[in-house]
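# Summary of the model geometry
Residue strings, one per chain:
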Amino acid sequence: MDLGVRWKLHGDGRTPAPGAVVRPDERLTWPRTVGLGAQHVVAMFGASFVAPVLMGLDPNLAIMMSGVATVIFLLATRGRVPSYLGCSLSFVGVAAVIRAQGGTSATVTGAVLVVGVALFLVGLAVQRFGARIIHAAMPPIVTGAVVMLIGFNLAPVTATTYWPQDQWTALLVMLFTGLAVVCLRGFWSRVAIFLGLVFGYGISWVFDRVFGRIHSVDASGKLTDHWRLDLSGVGRADWIGLPSFHGPSFQWSAILVALPVVIALVAENAGHVKAVGEMTGDPLDDRLGTAISADGVASVLSTAVGGPPNTTYSENIGVMAATRVYSTAAYWAAAGFALLFGVCPKFGAIVAAIPGGVLGGITVILYGMIGLLGAQIWTNAGVDLRNPLNLVPAAAGIIIGVGNVSMTFTDTFSLSGIALGTLVVITGYHTLRAFAPAHLKTQEPLLDEGTSSYDDAKS
């Protein structure tokens, strides 16, 4: 059985020829391959650091399980889809809502584990019936609206939790990160979030030396005098040790909040598989269902031991575009680095020490970018918002999701925010479409047009 773990040496193994690419089944020399793997780890650092911290989960375990997830993905796709799987930011809002309802870390991971199972089943369905089933249930207007409300639902988290801890540091970090995203080129623009974190650490240390302690709310919401950057936990942490594991806990209310994220994950995977296929010149339409299922399996395994869910990372796709090296050997090296970081508690302590003000500046941009990915889906698919069939359900669902509107059905069951907004978008669109006049039912493009040949092959 070919598991995609054999690679041919590309040329002399040193530098690709002008215009050439290093294909997934090729590699450069091992020292260069290991170096590229380290670069991929740096590229995913920003989001993979921030996401577990925002979800209240162990960052060491998150990094370790991202390495495990990447190995699972590479084996499942037989080395044809070079991608790194890191902690998904789409679940940050879900975790915040669940914790606001009194949920624990076990409740969060239990709800997300169910999402992983659902994603696995969607992948199997795509393998069996083709990608048109995705389009039938989740056309671009629905997918874009759900991604948008998931991102914008996070706005109160920044406004009430992180920004008030140190508004001036948050402002400076926001400005620096924005400049890094816009002004830097190539690889450096891909790690702008990571650079923003480093800048935030530095400016917090300087402010502590110059201005002393800050009088503001801390991470628990209490008004105290405290240091912006507290590294005491780093000194106490061991160099080598296992992260903290815990089992999942299942609650229907939390599961219903988390399930809508399946739509965002399907959209992410479809877009990433299409992008990689275009860059490598190898059509990957037949791998879409496998990629989605592998993502689901990896997320189930991670959340079963207390880690966060995973998804393919666009940051690493950007690194491949910049280097023109698509070798899956580099991703095996990246997974190895992630596993090593996972057994270093001191590394986790450094991540856990990120000042609240720094997270405030980062999340202002990060959460907004997540939300605006929904608008990008609309733009790429040519969604016509002048059509009331598109406009009405999207408008209603987004306002419900962003405003955290709630509907109480019984004393023990209610729907609100992300869950209710997603339900309104999906049911609203399909119900209105059933009664809409023919001239409003214009044919929309597939969620991922690159899957069309996959559909033809299935027919």
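In what follows, the accompanying structure is described. (Residues numbered from 1 in each chain as written. Predicted model: local features only at pLDDT ≥ 70, side-chain atom pairs only at ≥ 80, totals over all residues. Heavy atoms only, no water.)

## So, the overall build of the protein chain
Our working rule: Labels follow the DSSP assignment, with helices taken as runs of H or I lasting at least four residues and strands as runs of E lasting at least two, numbered in each case from the N terminus. Three labels apply to residues, based on accessible area from a 1.4 Å probe with only protein chains included: buried if under 20% of the type maximum, exposed if over 50%, partly exposed otherwise in between. Contacts are assigned to residue pairs that have any heavy atoms within 4.5 Å of one another. For every accessible area listed, the method is Shrake-Rupley and the probe measures 1.4 Å; residues are considered covered only by the protein chains on display.
In terms of helices and strands, the protein chain carries 21 helices and eight strands. Looking at the protein chain as a whole, 53% of its 459 residues are labelled buried. A separation threshold of at least 6 residues defines the contact pool for the protein chain, and within that pool the share at least 24 residues apart is 79%. Just so you have it, the protein chain exposes about 19200 Å², and 66% of that area is on carbon and sulfur atoms.

## A few points about unusual backbone geometry
If you check the backbone angles, R78 has positive phi at about 55° while not being a glycine. Of the residues examined, R78 reaches a relative accessible area of 33% and is grouped as partly exposed.

## Thoughts on helix α2 (residues 59-76)
Quick note on the threshold: Helices are assigned an expected span. That span is 1.5 Å times one less than the residue count. As used in this structure description, the phrase polar contact means that two N or O atoms lie within 3.5 Å; if the pair is within protein, one of them must be able to donate a hydrogen and the other to accept it, and residues adjacent in sequence are counted only when both atoms belong to side chains.
An ideal rise of 1.5 Å per residue puts 26 Å on 18 residues; α2 measures up with 25 Å between its terminal C-alpha atoms. Among the 18 residues that make up α2, 13 are buried, leaving the element largely enclosed by the rest of the structure. Capping of α2 at its N-terminal end is provided by D58; its side-chain oxygen lies 2.9 Å from the backbone amide nitrogen of N60. Within two residues after α2, R78 carries a phi angle of roughly 55°, on the positive side.

## A word on the packing of aromatic side chains
The following threshold applies: Only centres within 6.5 Å qualify two rings of Phe, Tyr or Trp (six-membered ring in Trp) as a pair; their planes then separate them into stacked at under 30 degrees, edge-to-face at over 60, and tilted for everything else.
Taken as a whole and assessed by the stated rule, the structure comprises three aromatic pairs. Geometrically, the ring pair formed by F176 and F199 is stacked, given 4.3 Å between the ring centres and 5° between the ring planes. One end of the pair, F176, is in helix α8 (residues 167-183); the other, F199, is in helix α10 (residues 192-211), and 23 residues separate them in sequence. Between F207 and F211, the aromatic rings sit 5.4 Å apart at their centres with planes inclined by 70°, giving edge-to-face as the arrangement. Linking F207 with F211, this pair stays in helix α10, spanning four residues, or about one helical turn. Since its relative accessible area comes to 15%, F207 is described here as buried. A relative accessible area of 59% places F211 in the exposed class.

Remember, this is a structural readout, not a statement about activity or role.
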